[in-house]
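# A look at the structure
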Amino acid sequence: MLSLLALPLAVAAITHAETASAAEGDDRFALRLGAMNIDSDNTLRGNTTVAGQDVGFDEDFKLGGKEWEPRVDGMFRISNRQRLLFNYFKYDKDRRETLDDGVSFGGVNVPAGSFIKGELKYQVASLVYDYSVVDTDKFDLGLQIGAEYAKVSTKAYADVGDLYQGRFLDEKTDGVAPVVGARLSFTPSEKWMITFQGQYLNTDWGNFDDYKGDLSRANAIVDYRLTQNFGLFAGYDWFKLDADKKGSDGTIGLKQEFKGPVAGISVTF
């Protein structure tokens, strides 16, 4: 009788030891330090009433050229199925268009050297709890919930002689809101890992002043482990902010899309 009881207890002990060993082999902390080669698309839209007439506009504006901006994300493993994930992304760009030669139209002179300058600043940081609803040796599916902070600032200045001088656009907002997401991870071998991730935030869920809209993000990352603690990663990241603000004199809206390849190094412990 004791022999019969000892057999299942021994099997359970071996299984527990193998599970504990596998858990101990998983990374407790991972950090990716890299940059994103950003291409941005920006649309400014709005409507108002001037002298009793409805006036609307919807204009695309380019800030010119791609550039590398810092990107940081990391993971802290609480247990086999539970993780805390964090990330940070920043974009800061300005562009100036200068008139080389003076022009004249409608009796108004615009002198040479007149310029229009635009400035855009954008930051996103998030901390989410990720739970693996499916967890196998090769495949992992996680669902996420957490908080995201976003800050955007758009300014434009003009100096076009007697026609106009000063700031004609100054919109900014920031806030925190709950974010939801999902993650797919594939581990074809000990050295390779492929991760797909998507997240969504609605401004109604948080405190973004009078702005109404949403913020979406998706990325795909491939990690290659050089050593036990160091590796390289590369992939593609995409962000989109689409929001409108209503006021007593009309509505102004802003749609900003950032996309591009990402690359960097990873550190794991």
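Residues numbered from 1 in each chain as written. Predicted model: local features only at pLDDT ≥ 70, side-chain atom pairs only at ≥ 80, totals over all residues. Heavy atoms only, no water.

## Looking at the overall build of the chain
When helices and strands are counted, the chain shows 1 helix and 13 strands. In sequence order, the secondary structure elements of the chain are arranged as α-β-β-β-β-β-β-β-β-β-β-β-β-β. Taking contacts inside the chain between residues at least 6 apart in sequence as the whole, the part at least 24 apart equals 64%. Entry remark: accessible area of the chain is about 15300 Å², with carbon and sulfur atoms responsible for 59%. (Helix = DSSP H or I, 4+ residues; strand = E, 2+ residues; numbered from the N terminus. Contact = heavy atoms within 4.5 Å. Areas by Shrake-Rupley, 256 points an atom, 1.4 Å probe, with all protein chains shown as cover.)

## A word on the environment of I265
Residue placement: I265 occurs in strand β13 (residues 250-268). By relative accessible area, I265 is classed as partly exposed at 44%. Setting aside anything within four residues of it in sequence, one finds I265 in contact with L31, R32, L33, G231, L232 and F233. (Buried < 20%, exposed > 50% of the residue type's maximum accessible area, 1.4 Å probe, protein only.)

## As for the pattern of salt bridges
Pairing between side chains becomes possible if they bear opposite charge and their charged atoms approach one another. Applying the stated rule across the entire model yields 13 salt bridges. Notably, a salt bridge pairs K259 with D41, separated by 2.7 Å at the nearest N-O pair. You can see K259 sitting in strand β13 and its partner D41 sitting in strand β1 (residues 29-50), a full 218 residues away along the chain. Residue K259 is classed as buried on the basis of its relative accessible area of 19%. A salt bridge links R83 to D130, with the nearest nitrogen and oxygen atoms 3.9 Å apart. Of the two residues, R83 is situated in strand β4 (residues 82-98) and D130 in strand β7 (residues 115-135); the sequence distance between them amounts to 47 residues. Look at the salt bridges and you will find they share partners, linking R32, R71, D73, R217, D223 and D237 into a network. (Salt bridge = Lys/Arg side-chain N within 4 Å of Asp/Glu carboxyl O.)

## Brief notes about the nonpolar core
The biggest cluster of nonpolar side chains holds 25 residues, and the ones touching the most others in it are F89, Y91, Y122, L215 and F258. It is β7 that provides the largest number of residues to this core, a total of 4 residues. (Core = buried A, V, L, I, M, F, W, Y, C linked by side-chain atoms within 4.5 Å.)

## Regarding the environment of N42
Looking at where N42 falls in the secondary structure, it is placed in strand β1. Along the chain, N42 and E257 lie 215 residues apart, while their C-alpha atoms are 6.5 Å from each other.

## Things to note about the environment of R83
Judged by its relative accessible area of 9%, R83 is buried. The sequence separation of R83 and S132 amounts to 49 residues, and the corresponding C-alpha distance is 8.4 Å. Excluding residues that lie within four positions of it along the chain, R83 makes contacts with M75, F76, R77, I78, V128, Y129, D130, S132, D140 and R183. Within polar-contact distance, the side chain of R83 engages the side chain of S132 at 2.8 Å. Side-chain polar atoms of R83 contact the side chain of D140, separated by 3.3 Å. (Polar contact = N/O pair within 3.5 Å; in protein donor to acceptor, adjacent residues only side chain to side chain.)

## Describing the packing of aromatic side chains
Under the counting rule described, the total for this entry stands at 10 aromatic pairs. Taking 6.0 Å as the distance between ring centres and 70° as the angle between the ring planes, the aromatic pair formed by F89 and Y122 counts as edge-to-face. Separated by 33 residues along the polypeptide, F89 in strand β4 and Y122 in strand β7 bring together distant segments of the chain. Residues F89 and Y122 agree in their burial class; the two are buried. Connected via pairs of aromatic rings, a cluster forms that spans F89, Y91, Y122, F239 and F258. Directly above the aromatic system of F233 lies the positively charged group of R32, at a separation of 5.8 Å from the ring centroid. (Phe/Tyr/Trp six-rings, centres within 6.5 Å; stacked < 30°, edge-to-face > 60°. Lys NZ or Arg CZ within 6 Å of the ring centre and 35° of its normal.)

## Let's talk about the side chain of S132
When you line up the elements, S132 lands in strand β7. A polar contact is formed between the side chain of S132 and the side chain of D140, at a distance of 2.8 Å. At 3.3 Å, the side chain of S132 forms a polar contact with the side chain of R183. In contact with S132, other than residues within four places in its own chain, are R81, R83, D140, L141, G142 and R183.

## Remarks on the side chain of R71
By secondary structure assignment, the location of R71 is in strand β3 (residues 67-77). A polar side-chain atom of R71 sits 2.8 Å from a polar atom in the side chain of D237. Among all residues touching R71, those that are not within four sequence positions of it are R32, L33, G34, A35, Y88, R217, N219, I221, F233, D237 and V262.

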